[in-house]
Amino acid sequence: MQTKQIYFPSLENIEAAAKNLEGVAYKTPLNANINLSKEFEANILFKREDLQVVRSYKIRGAYNKMAALNADEKQRGIVCASAGNHAQGVALSCKLLQIKGTIFMPSPTPNQKINQVKMFGEDFIDVIIEGDTFDDAFNAATLECDFKKKVFIHPFNDEKVIEGQATVGLEILNQTNKKIDYVFVPVGGGGLSAGLSSVFKNLSPNTKIIGVEPEGAPSMLTSIRNKENTFLEKIDAFVDGAAVKKVGDLNFAICQQNLHDVITVPEGKTCQTILDLYNKDAIVVEPAGALSIAALDFFKEDIKGKNVVCIVSGSNNDITRTAEIKERALLYANLKHYFIIKFPQRAGALKEFVAEILGPNDDITHFEYTKKTNRENGAAVVGLELKTSADLAPLIERMKNRNFFGEYLNDKPDLFQFLV
């Protein structure tokens, strides 16, 4: 039985991609971050792909793929499916290369992203809203390709796309004379991690490349552990730029060989990183763009005194998600808690709860009460924000001592999903 040859992008092809992208993709800055360098006692550098014209690295792969199409393929037109960044990269590439494109997007896609796609593509693209999930949009795009003989532009599982994303690695090595000890790279479908790791494997083989996935969508980590590309039945789609059920076959084969490690980061930790970057550095990132920076805490001792690059992959963050981002950050920090509270049906019960049960720094952020029975106690769902996580145990004890405690909801996912 013949062993299947693994595709590895050649330096020659990656350099050709870099030439293709001249005047199209920005050579984004590689900037030191003073706050994190001080915190981790290391030289922390950000590769700012969030500053691309489409606000993510996706323009690199999309344009490199589409520029390589022959005249007949360009004439027939292209199709893609995406809920965000890939769609924007494809749309701009359509306009620049004057190729007609059809972009399928699922119905939950925020209007902000749909409008961005239309703005970048102008008259060269049609946006079709299809289905409730990315898979629905993907299936519709595949049917369109088959029926109209158009070219499908895959977001990650494509050689030319991987070679385009690999140009991020080339730029990093051209932007510093220092030996790079670690690169932290977000992993979704694996296009960026496959391309970038191939560059370093050739030009800086001692650099440790760490892939970072959201905890709720560990498709690359699962596949590497299983030693085969594995489909995940269920994922948490919150980190939408990196939440896929299955990585690309090409990407998996490369990353399995090239990545030093793959780790997962809790979504709440990612949210706290988004807030910290905005508050401390005035940098706006999307959840996937924060993954590489959120990972630093898990390598605190390893990176001390080292030169470390974090790929800031994108900044397409929908402002309507801010409340959810803050909520998830507080939950991860153990500062936000939900309870069912039993209020005695007598005057002054609420006043007693506020004055004698809550601590001086505890804040009620959610209160939902409906009197439906004549029982002695009426139940309310109450959300509390604490100053420190150490305040939780004494708070619960006071509730129990005065018979206010009903149920703690944070660790009951079936109930909790209706609150968060």
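About the cut-offs
Residues numbered from 1 in each chain as written. Predicted model: local features only at pLDDT ≥ 70, side-chain atom pairs only at ≥ 80, totals over all residues. Heavy atoms only, no water. Axes fitted to C-alpha atoms, helices over the stretch in contact; angles between N-to-C directions. Helix = DSSP H or I, 4+ residues; strand = E, 2+ residues; numbered from the N terminus. Parallel < 35°, antiparallel > 145°, perpendicular 65-115°, else oblique. Left-handed = near helix turned anticlockwise from the far one by under 90°. Contact = heavy atoms within 4.5 Å. Nonpolar A, V, L, I, M, F, W, Y, C, P; charged D, E, K, R; others polar. 1 Å grid on protein atoms, 1.4 Å probe; cavity = no way out; pocket = protein on both sides within 12 Å on 5 of 7 lines; lining within 4 Å. Points joined across faces, edges and corners; volume = space filled by probe spheres on them. Pairing = 2+ DSSP bridges.

*Asks:* I keep staring at the packing of helix 3 (residues 58-67) against helix 8 (residues 159-175) and nothing clicks. Help me out?
*Replies:* Pairs of packed helices are described in terms of their axes, by the angle between the two and the distance that separates them. Taken N-terminus to C-terminus, the directions of helix 3 and helix 8 make an angle of 135°; their axes are 7 Å apart at the nearest point. When the axes of helix 3 and helix 8 are compared, the pair comes out oblique. Seen from above, helix 3 lies across helix 8 with right-handed handedness. Seen from helix 3, the contacting residues are K58, R60, G61, N64 and K65; seen from helix 8, they are K160, V161, E163, G164, Q165, T167, V168 and E171. When the residues that make up the contact of helix 3 with helix 8 are grouped by side-chain class, the tally is two nonpolar, five polar and six charged.

*Asks:* For this particular structure, what's the right way to read the layout of surface pockets?
*Replies:* Gaps left between atoms are located by rolling a probe of water-molecule size over the structure's atoms. When its volume is computed, the largest pocket comes out at roughly 1200 Å³. Contributing to the lining of the largest pocket are 48 residues, with A83, F134, D240, A243 and V244 lying nearest its centre. Going through the elements one at a time, helix 5 (85-97), helix 7 (134-148) and helix 9 (191-203) are the ones with two or more residues in the lining of the largest pocket. Among the elements that line the lining of the largest pocket, the one with the most residues is helix 7, at three residues. Here the residues of the lining of the largest pocket are counted per class, giving 21 nonpolar, 16 polar and 11 charged.

*Asks:* Help me understand the sheet that holds strand 6 (residues 151-152), please; the structure alone is not making it clear to me.
*Replies:* Sheets are built from strands paired through backbone hydrogen bonds, the pairs being either parallel or antiparallel. The four strands are arranged 5-4-3-6 in an open sheet whose pairing can be described as parallel. Both outer strands of the open sheet, strand 5 (125-129) and strand 6, are each paired with one neighbouring strand and no more. As defined by bridge partners, strand 3 (residues 78-81) adjoins strand 6 across two bridges and the pair is classed as parallel. The residue bridging V79 from the neighbouring strand is F152, located in strand 6. Against the sheet, helix 5 makes contact with strand 3, strand 4 (101-105) and strand 5, and its axis sits at roughly 165° relative to strand 3, the strand it touches most. Seen against the sheet, helix 6 (residues 111-121) touches strand 4 and strand 5 and runs at an angle of roughly 160° to strand 5.

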